[in-house]
Structures are given as C-alpha cells and as structure tokens.
Amino acid sequence: MNFDLNDLLAFRAVAELNSFRRAAEAVHISQPAFSRRIDKLEEALGVRLLDRTTRRVSLTAVGRDFARKVQQILDDLDSTLLGIRGVAATRMGEVTIACVPSTVYYYLSRVIQRYREAYPKVRVRVLDASANDVLDTVSRGEADFGINFIGGNEPDIDFTPLVEERFVAACRRDHPLARKRRVTWQELAEHDFIAVSQRSGNRLLMDQALARMPGRPQALYEAQHVTTLLGLVEAGLGVAAVPSMAMPGQDHPLLVSIPLEEPVVTRHVGLIRRRGRSLSPAAQQMFDFFAELEDAEGAARARRKRSAPRKAATPKAQT
C-alpha cells in the first residue's frame, strides 16, 4: 500500500472537520499538499473516501467505515507510543462520552472542569440522550464510554458503579415545601407536580417504586429531560421529583432540594463501556478520573459524617 501515517492523519482530520481548509490547518500543511495526501490515499485503496464539492466535503459509505477503522488504528498506535514515552499529561486527543441528561448540567460539567485542569489538550464531546440511547451508543462504539443508571445486566457491557443517589423534591426557595427538612410523596402530590415523560428512564424508576402507593403525584406538566423540568420549577410552575445529582448546590439562588421519603427511591449511576474493547489513552485517563474523583469525594463525605456533632441524648424523666 503506497500511503503512510501522515496520509491517515490527514484523512482523520478531514473526516472530523468536514473541511479541507480547516483539516489542512489542523495538520499544518498547505491545502494543495493536503489534497495530494487524500488523493494518494484514495488511489492506494482504489476507492473514493470523500465526496467533494466547491462548498462541502462529506464521507462516502466506505469512507465512514474506514474513518472508524483509522481512528482505532491511530488510537492503538498512540497507546503504544504513550506507554513508551510516558507523556500522558501532555498528550492531545479526544474523548466522547454518552450520558443521561440528568448527570450533565451540574455533575458532569464539574468533572470535566477538573479533568481539563489536569489534561488541558484533550477535547471532550458529550452526547446527552435517554438511558436506552446512551446504552445503544456505547454498544455501537459511537462513544468511548457512558454515564448511565442502566446497563448492569447487559452481556456486552461492563458497568462500574459510581454512586447510589436518591430522588429529591425540587422546588423554589419561596415555595411552602422549601421550609421542610423532608417531604413524603403524598405531600408532593398536594402541589402542582411536574414530571419527566414516560419515555424517560427516571420516570420508569419512579413508576415502579410508587406503583402500589395510593395518592401518588399526578403530573400537571411533563418534560422530556430533567434539565427542562428544572427550568419549569424555576419559573414557579410547580414542584418535581428528580435525582439528587441533577440539582445545583446549596448556594443556588432559586432552587432547593428536599429529601423524599415514604418510600425512598434511589438509582445506581455508573460508568458503562463495551466489554472487551480497549479505550484510547485519553478515554482511559478520563474513565479512571471519574472513579478516582468519586473515591475522593466519597472519602470526604465519610469524614464530614464522622466529624458532624452528635445530638445530646434526651434525659429520662424522673419518677
């Protein structure tokens, strides 16, 4: 085959950027020289990889399949060189994470911010979708790994637990429920209730947990994603039940969360990856980063719990 590594790097660049000009800039050569590399690769393979017009560039069907294989080849090569040279902290790369929307707004954004401090040259792509779509995306190899609360029973998926979280009541700070230390589901039903749609995995968890409970909350409004639901709560349209991971911190000016009980409903959130598939160096770094960060925060929570002052025992009445 009359092509080399630089030709593969050029093809990967144009496959990602869909532009000869931007791809040429990315690999630091002139556009005519870049075009010659692509022509050379297509001639060596004997197939057309790209459809080109004066306005746009797109991959052919063969080109899309070849792009996935090239990415795997370059990742494997990168992993080998990385192990030899030991330059993990300074490498460039890209990580694609699929995740359920309820983990994105506050949890994932915080993790990515910390990851960027350690690995500033790695580009991160986030694919937010429903729990089933996240599972499918990881299974098809379209994402390096995912954050989900389903997948533990799938034969082709490895599930690494991160945290068990409970559902909480979300309301505005000026709402009557905001003064309570805990809220029951029946109390929640006394107010205008906003729920995620029946297509949501979170809705399925709640429906299963509350199936036999009389007087369960009935939705007045529905939204597809938890982030949209919280926007409706902020607007004062009602209250909601959401995973605690989806809620902002205690310093949020408008929203507050209150533990829900009778019953306590929880979900297990973890990292999912395709079984038997090696991650690229950048993806493996980020995968490990999640677990290390959760271990550190779990230890911090345990220390805070141990150091919290205990309530004094109530003296018994004298007889």
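Procedures and definitions
Residues numbered from 1 in each chain as written. Predicted model: local features only at pLDDT ≥ 70, side-chain atom pairs only at ≥ 80, totals over all residues. Heavy atoms only, no water. Buried < 20%, exposed > 50% of the residue type's maximum accessible area, 1.4 Å probe, protein only. Helix = DSSP H or I, 4+ residues; strand = E, 2+ residues; numbered from the N terminus. Pairing = 2+ DSSP bridges. Polar contact = N/O pair within 3.5 Å; in protein donor to acceptor, adjacent residues only side chain to side chain. Contact = heavy atoms within 4.5 Å. Core = buried A, V, L, I, M, F, W, Y, C linked by side-chain atoms within 4.5 Å. Patch = residues over 30% accessible without salt bridge, like charges linked within 9 Å, V, L, I, M, F, W, Y side chains within 5 Å. Areas by Shrake-Rupley, 256 points an atom, 1.4 Å probe, with all protein chains shown as cover. Salt bridge = Lys/Arg side-chain N within 4 Å of Asp/Glu carboxyl O. Lys, Arg positive; Asp, Glu negative; His and termini not counted. Charge placed at Lys NZ, Arg CZ, Asp CG, Glu CD.

Asks: Can you help me understand the pairing of strand E5 (residues 145-148) in this one?
Replies: The side-chain alternation of E5 yields two buried faces, one formed by Phe145 and Ile147 and the other by Gly146 and Asn148. Both strand E3 (residues 93-99) and E5 contribute to a ladder of three bridges, which runs parallel. By the bridge assignment, Ile97 is partnered in E5 with Phe145. Summarising the sheet, E5 and strand E12 (residues 266-274) pair through three bridges and their orientation is antiparallel. Considered in E12, the bridge of Asn148 is made with Gly270.

Asks: Looking at this structure, how should I read the side chain of Asn148?
Replies: In this fold, Asn148 is placed in strand E5. Among the polar contacts listed, one links the side chain of Asn148 to the backbone oxygen of Ala131, at a separation of 2.8 Å. The residues contacting Asn148, other than those within four sequence positions of it, are Val100, Ala131, Val134, Leu135, Phe159, His268, Val269, Gly270 and Ile272.

Asks: Can you help me understand the nonpolar core in this one?
Replies: If you look at soluble globular proteins, the nonpolar side chains tend to sit buried side by side. Membership of the largest hydrophobic core comes to 34 residues, with the highest contact counts inside it found for Val95, Phe145, Ile147 and Phe290. In terms of residues, this core owes the most to one element, helix H10 (residues 281-307), which gives seven residues. Once residues within four sequence positions are removed from consideration, Phe145 is found in contact with Val95, Thr96, Ile97, Ala98, Val138, Leu271, Ile272, Arg273, Ala283, Met286, Phe287 and Phe290. Within the second largest apolar cluster, 32 residues are counted, among which are Val168, Cys171, Val183 and Met247.

Asks: Help me understand a negative patch on the surface, please; the structure alone is not making it clear to me.
Replies: The grouping of Asp133, Asp136, Glu154 and Asp156 at the surface amounts to a negative patch. Position of Asp136 among the secondary structure elements: in helix H6 (residues 131-139).

Asks: What should I look at first to understand the pattern of salt bridges in this one?
Replies: Any two side chains of opposite charge can pair, given that their charged atoms come close. Taken as a whole and judged by the stated rule, the model has 18 salt bridges. In this structure, Arg52 engages Glu42 in a salt bridge whose closest nitrogen and oxygen atoms are separated by 2.6 Å. Of this pair, Arg52 sits in strand E1 (residues 50-52) while Glu42 sits in helix H3 (residues 31-45), placing them ten residues apart in sequence. In this structure, the salt-bridge partner of Glu165 is Arg267, at a minimum N-O distance of 2.4 Å. Remark: Arg267 occurs in strand E12 and Glu165 occurs in strand E6 (residues 157-172); sequence separation between them is 102 residues. A single burial state applies to Glu165 and to Arg267, both of which are buried.

Asks: Even after reading the chapter, I still don't get the side chain of Thr184, so can you show me in this structure?
Replies: Tracing the backbone through its elements, the reader meets Thr184 in strand E7 (residues 183-184). Setting aside chain neighbours within four positions, we find Thr184 in contact with Leu260, Glu261 and Glu262.

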